Amino acid sequence: MERTFIAIKPDGVQRGLAGEIIRRFETKGFTLVGLKFLQPSRELAEQHYAVHKERPFFAGLVDFITSGPVVAMVWEGDGVIASARKLIGATNPLNAEPGTIRGDLGANIGRNIIHGSDAPETAEYEIGLWFKPEELVNWTPTIMPWVHE
């Protein structure tokens, strides 16, 4: 089973949207295997956004993600990375389709509520950055035969 990293950013937490976002992933049939509620350190934020280090918006990303608590999650399922990206919607909520998390709940590109890994390599890196192996639970929900063949 494929895994992906999802984070509800400080704006999503402050607006009380964590339950709605988790519900959407559960309803889709994915399995939650890791969950943390934390305020990221600058070091963690800088590592997470390292790919953007040379870009002018890097400092703003780090400041924002460390400005309040985050819900960090690992979800598992067939095709979870691509499917999560569709559930999340376009980076800019103004361009996100209705029915997506950002399309329904996002305000603007600077307050787009959620982060999701964009590729298997990114997911592996981000999961390893935010979670220790022993913090992930390997389990099979009883509903799996009804969701996946």
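Cut-offs used in this document
Residues numbered from 1 in each chain as written. Predicted model: local features only at pLDDT ≥ 70, side-chain atom pairs only at ≥ 80, totals over all residues. Heavy atoms only, no water. UniProt positions renumbered as here; feature names shortened; annotations may be inferred. Phe/Tyr/Trp six-rings, centres within 6.5 Å; stacked < 30°, edge-to-face > 60°. Helix = DSSP H or I, 4+ residues; strand = E, 2+ residues; numbered from the N terminus. Buried < 20%, exposed > 50% of the residue type's maximum accessible area, 1.4 Å probe, protein only. Lys NZ or Arg CZ within 6 Å of the ring centre and 35° of its normal. Patch = residues over 30% accessible without salt bridge, like charges linked within 9 Å, V, L, I, M, F, W, Y side chains within 5 Å. Areas by Shrake-Rupley, 256 points an atom, 1.4 Å probe, with all protein chains shown as cover. Salt bridge = Lys/Arg side-chain N within 4 Å of Asp/Glu carboxyl O. Contact = heavy atoms within 4.5 Å. Arc of directions from axis to C-beta. Core = buried A, V, L, I, M, F, W, Y, C linked by side-chain atoms within 4.5 Å.

The name given to the protein chain in an unreviewed UniProt entry is Nucleoside diphosphate kinase, with Thermoleptolyngbya sichuanensis A183 as the source organism. Recorded under Cofactor (unreviewed entry), the UniProt text for the protein chain is reproduced unchanged: "Mg(2+)".

Student: Sorry if this is basic, but what is going on with the packing of aromatic side chains here?
Tutor: Any pair of aromatic rings gets described here by the distance separating the centres and the angle formed by the planes. Going through the model one piece at a time under the given rule, you end up with two aromatic pairs. For the ring pair Phe 25 and Trp 75, a centre distance of 5.3 Å and an interplane angle of 25° mean the geometry is stacked. With a gap of 50 residues between them, Phe 25 in helix α2 (residues 18-28) and Trp 75 in strand β3 (residues 70-77) connect regions that are remote in the sequence. Here Phe 25 and Trp 75 have matching classes, each one buried. One cation-aromatic arrangement involves Lys 36 over Phe 131; the distance from NZ or CZ to the ring centre is 5.0 Å.

Student: In this structure, what is going on with a nonpolar patch on the surface? I would like to understand it.
Tutor: Where nonpolar side chains cluster on the molecular surface, the patch consists of Ile 143, Trp 146 and Val 147 and spans about 370 Å² of accessible area. Locating Ile 143 in the fold gives a position in the loop between α7 (120-130) and α8 (144-147). Using a relative accessible area of 48% as the deciding quantity, one classes Ile 143 as partly exposed.

Student: Can you help me understand the UniProt feature "active site" (unreviewed entry) in the protein chain in this one?
Tutor: When the UniProt feature table is mapped onto this chain numbering, "active site" (unreviewed entry) sits at His 115. Its place among the elements puts His 115 in strand β4 (residues 114-116). Not counting the four nearest positions on each side in its chain, His 115 is found in contact with Phe 5, Ile 6, Ala 7, Lys 9, His 48, Ile 88, Arg 102 and Glu 126.

Student: What exactly am I supposed to notice about the environment of Val 13 here?
Tutor: Position of Val 13 relative to the elements: it lies in helix α1 (residues 10-14). Among the residues examined, Val 13 registers a relative accessible area of 18% and is labelled buried. Taking C-alpha positions, Val 13 is 9.7 Å from Phe 37, a pair spaced 24 residues apart along the chain. Apart from the residues lying within four places of it in its own chain, the contact partners of Val 13 are Ile 8, Phe 37, Pro 69, Val 70 and Val 71.

Student: Just to check I follow, could you spell out α2 for this structure?
Tutor: Counting along an α-helix, one turn takes 3.6 residues, and residues three or four places apart therefore face a common direction. All buried positions along α2 are accounted for by Ile 21, Ile 22, Arg 24 and Phe 25. End-on view of α2: buried residues confined to an arc of 155°, all on one side of the axis. Against β1 (2-8), β3, α5 (80-88), α6 (101-105) and β4 lie the buried residues of α2. Looking at the residues trailing α2, positive phi occurs at Gly 29, about 105°.

Student: Explain the nonpolar core to me, please; I cannot follow it from the model alone.
Tutor: One broad rule of soluble globular proteins: the nonpolar side chains tend to lie buried together. Among the nonpolar cores identified, the biggest contains 21 residues, and Ile 6, Ile 21, Phe 25, Trp 75 and Ile 114 are the most heavily contacted of them. Broken down by secondary-structure element, the contributors of at least two residues to this core are β1, α2, β3, α5 and α6. When residues in this core are grouped by element, the largest group, five residues, is from α5. Setting aside its immediate chain neighbours within four residues, Ile 21 contacts Ile 8, Ile 101, Leu 105, Ile 113 and Ile 114. If you look at the next biggest cluster of nonpolar residues, it comprises 16 residues, including Val 33, Leu 44, Tyr 49 and Phe 58.

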